[in-house]
Every structure is written in C-alpha cells, then in structure tokens.
Amino acid sequence: LRNAFQPINDYNFLATKIEIADSNTLKTIAHDLVKSVDNAAIVIAADIAGKPQIAVIFNQDLAKLKDWHAGKLVKEFAQFIKGGGGGQPFFATAGGKDISGLDNVVEAAKEYFK
C-alpha cells in the first residue's frame, strides 16, 4: 500500500478498499502506514469478514496544520455504510451494516481530499 499514495499539494493521500481478517489488523495497517509516509492522509475502507469498517488517520502535525479532524470525517464517511464512529483528531474508526457502501467511502474520500 505504501506505493499507492498520491501526492496532493503538501501531503500524501491514500484512499483504498481492502479485505482483512479483523479490526486489530485494520488499526495496525493504518498506524504502520502513517508512520512510514511523511505528511500522510489515509482513508481505509475495510471488509472484515463481511462487515464494513473505516479508518481515517493523519500524521498528527498534518492534522493540526490542516485543521482536519479524523473523528468528524469518519462520521461523514460512515453514512455510506449505514454506521457510525468517531475518534481523535488524527485517528478514528467507524463500523456499519452496509458492506456495499465501501466503494462510496473511497470515492467520497478522494473527492474530499482532491
């Protein structure tokens, strides 16, 4: 996934859909990516055994600089999977009921960060 980042202005953006085994793996992947890429803004839409989850994570400095709040943003994206969530300014997750909405999450993220 490290090779999938797109440079946008002064940060590196990634929005992707993945299939994984559990929510701990989602958190691990998100944290590993944000540590390995400078100025990262990441949205991961995950199919976890047929259940949708979303992770939004930023480098802490970038979140402050851009005045982004992952907790607020993940709530917006969670509407696509008929769910909810929240978290900190730099990391948040959401779960939902509608797996078919994951592609819409990725598209909405691309639209938000372009």
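What counts, and at which threshold
Residues numbered from 1 in each chain as written. Predicted model: local features only at pLDDT ≥ 70, side-chain atom pairs only at ≥ 80, totals over all residues. Heavy atoms only, no water. Helix = DSSP H or I, 4+ residues; strand = E, 2+ residues; numbered from the N terminus. Buried < 20%, exposed > 50% of the residue type's maximum accessible area, 1.4 Å probe, protein only. Core = buried A, V, L, I, M, F, W, Y, C linked by side-chain atoms within 4.5 Å. Contact = heavy atoms within 4.5 Å. Pairing = 2+ DSSP bridges. Axes fitted to C-alpha atoms, helices over the stretch in contact; angles between N-to-C directions. Expected span 1.5 Å × (residues − 1). Arc of directions from axis to C-beta.

Asker: Describe unusual backbone geometry, listing the residues and the values that go with them.
Answerer: One non-glycine residue with positive phi stands out, namely alanine 49, at about 50 degrees. Structurally, alanine 49 can be placed in the loop between β3 (40–48) and β4 (51–58). By relative accessible area, alanine 49 is classed as exposed at 71%. With a phi angle near 60 degrees, aspartate 67 is a residue other than glycine that sits in the positive phi range. Residue placement: aspartate 67 occurs in the loop between α2 (60–66) and α3 (70–78).

Asker: So, the nonpolar core: which residues are in play, and what are the values?
Answerer: Among the nonpolar cores identified, the biggest contains 27 residues, and Val43, Ile54, Val56, Phe58, Phe77 and Phe113 are the most heavily contacted of them. Counting residues per element, the ones that place at least two in this core are β2 (11–20), β3, β4, α2, α3, β6 (91–95) and α4 (102–113). For this core, the element with the highest residue contribution is α4, accounting for 6 residues. With sequence-adjacent residues up to four places away left out, valine 56 is seen in contact with Ile42, Val43, Ala70, Leu73, Val74, Phe77, Phe90, Phe91 and Ala92. Core analysis: the next-biggest nonpolar cluster, separate from the first, contains 17 residues, Leu26, Leu33, Val37 and Ile57 among them.

Asker: Could you give an account of the sheet that holds β2, naming the residues involved and the relevant values?
Answerer: By definition, the strands of a sheet pair up through backbone hydrogen bonds, in either a parallel or an antiparallel sense. Taken together, 6 strands build an open sheet; the order of strands is β1-β2-β3-β4-β6-β5 and the sheet is mixed. On the outer flanks of this sheet lie β1 (6–8) and β5 (84–87), each paired with one strand and no other. Within the sheet, the average angular offset between the axes of one strand and its neighbour, ignoring direction, is 15 degrees. For β4 and β6, the ladder comprises 5 bridges, and the chain directions are antiparallel. Its bridge partner being in β6, alanine 55 is matched across the sheet by threonine 93. Sheet strands in contact with α3 are β3, β4, β5 and β6, and its direction is about 150 degrees off that of β4. The strands touched by α4 are β1, β2, β3 and β4; relative to β2, the strand with the most contacts, the crossing angle is about 180 degrees.

Asker: Break down the side chain of threonine 16 for me, citing the residues and quoting the values.
Answerer: If you trace the backbone, threonine 16 turns up in strand β2. Taking relative accessible area as the criterion, threonine 16 reaches 15% and is therefore assigned buried. If near-sequence neighbours (up to four positions away) are discounted, threonine 16 is found in contact with Leu1, Val43, Ile44, Ala45 and Val106.

Asker: For α4, give the residues involved together with the corresponding values.
Answerer: The terminal C-alpha atoms of α4, which comprises 12 residues, lie 17 Å apart, in line with the 16 Å expected from a rise of 1.5 Å per residue. Turning to α4, its buried residues number three or more, namely Leu102, Val105, Val106, Ala108, Ala109 and Phe113. Seen along its axis, α4 keeps its buried residues to an arc of 165 degrees; they face one direction. Summarising the contacts, the buried residues of α4 are in contact with β1, β2, β3, β4 and α3.

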